[in-house]
Amino acid sequence: MGNSALKAHLETAQKTGVFQLTGKGLLEFPEDLQRLTSNLRTIDLSENKIETLPQLMGAFSALKNLNLNHNKLSALPMELCKLKKLETLHLNNNRLTRLPADFGQLSALKTLSLSGNQFRTVPVQLYSLRQLNVVDLSKNKIQSVPDEVAGLQAIELNLNQNQISQISVQISHCPRLKVLRLEENCLELSMLPASILSDSQISLLAVEGNLFEIKNLRDLNGYDKYMERFTATRKKFV
């Protein structure tokens, strides 16, 4: 892409606080954006070929939305964790295997999309994000959900299309979890904690495409309690 085109994008971004440059085959994060570190609220660089993010990422003090879907990122810089106003982070379809150690410092983060990466576990950093509402970890390589999941504050957790065969009973202690998606995993019915049905806040449990027939869910203790929550939630949206 020519300099004049980039210049035009930068001028627009300076006025609007939004920089969008998608599907242009970019190999790296545009260095010229460092001129706009204090006024950009949204950066959308999805559908490019960016492999690494620069250290200057941490300087975007006003940034609320960052979209890097469909790139070639295999790691995130620690500096990203300095974005104290970041509310939405989209990193679907990259090559990530883990999050930076300080990721839990993204204290304003509400929506995190990590679908289509290479995660083998639910990242522990998620458990310290107090504002988190939605986490999408679908299409990864996660095999189990650990005890620590009880600390997750999210309202919706999407674990569809992983390799999950074990789920800690602690998931029923998630204080705000209402929607749990576990479609197309490797779950036997006996591995699904009955407490999810009998003793949790979860009002939508999606488990199609596992190693049991959906109708057999009805045989589990607590199914009636779950259906009460499910029906009550549905009524709210009608």
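What this report covers is the structure whose coordinates are included nearby. Residue numbers here run from 1 along each chain, matching the order of that chain's written sequence. Local features in a predicted model are, by the rule used here, given only for residues with pLDDT of at least 70; side-chain atom pairs are given and counted only at 80 or more, and totals for whole chains, interfaces and linings are based on all residues. Calculation of side-chain values draws on the structure's entire complement of heavy atoms; hydrogens and water are dropped beforehand.

Quick look at the overall build of the chain now. Secondary structure elements follow DSSP: runs of H or I of four or more residues count as helices, runs of E of two or more count as strands, with numbering from the N terminus. The secondary structure content of the chain amounts to three helices and 11 strands. Secondary structure of the chain in N-to-C order comes out as α-β-β-β-β-β-β-β-β-β-β-α-β-α. Dimensions of the chain, computed from the C-alpha atoms along their principal axes, are close to 65 × 35 × 30 Å. Only protein chains enter the accessibility calculation, which uses a 1.4 Å probe; a residue is then buried when its area is under 20% of its type maximum, exposed when over 50%, and partly exposed in between. In the chain, which comprises 238 residues, the share counted as buried stands at 48%.

Glancing now at the nonpolar core. Within the largest apolar cluster, 72 residues are counted, with the highest numbers of intra-cluster contacts made by Phe103, Leu126, Ile171, Leu182, Leu192 and Leu205. Among the secondary structure elements, those contributing two or more residues to this core are helix 1 (3–16), strand 10 (179–181), helix 2 (195–198), strand 11 (204–206) and helix 3 (223–237). It is helix 1 that contributes the most residues to this core, three residues altogether. For this analysis, residues touch if any pair of their heavy atoms sits within 4.5 Å. The contacts of leucine 182, once residues within four sequence positions are left out, are Leu159, Asn160, Ile164, Ile167, Leu187, Leu192, Leu205, Ala206, Val207, Glu208 and Asn210. Put simply, buried Ala, Val, Leu, Ile, Met, Phe, Trp, Tyr and Cys residues joined by side-chain atoms within 4.5 Å make one nonpolar core.

Here the focus is the packing of aromatic side chains. Ring pairs shown here join Phe, Tyr and Trp side chains whose ring centres sit within 6.5 Å, with only the six-membered ring taken for Trp; geometry is labelled stacked below 30 degrees between planes, edge-to-face above 60, and tilted in between. Applying the stated criterion to the full structure yields three aromatic pairs. Between phenylalanine 29 and phenylalanine 60, the aromatic rings sit 6.0 Å apart at their centres with planes inclined by 65°, giving edge-to-face as the arrangement. Here phenylalanine 29, found in the loop between strand 1 (18–20) and strand 2 (42–44), pairs with phenylalanine 60, found in the loop between strand 2 and strand 3 (65–67); they are 31 residues apart in sequence, far enough to count as distant. Neither phenylalanine 29 nor phenylalanine 60 differs from the other in exposure class; each is buried. The interplanar angle of 50° and the centroid separation of 6.2 Å between the aromatic rings of tyrosine 223 and tyrosine 226 together place this pair among those described as tilted. With tyrosine 223 and tyrosine 226 both in helix 3 and three residues apart, the pair spans about one turn of that helix. Since its relative accessible area comes to 17%, tyrosine 223 is described here as buried. Linked through ring pairs, Tyr223, Tyr226 and Phe230 together constitute an aromatic cluster.

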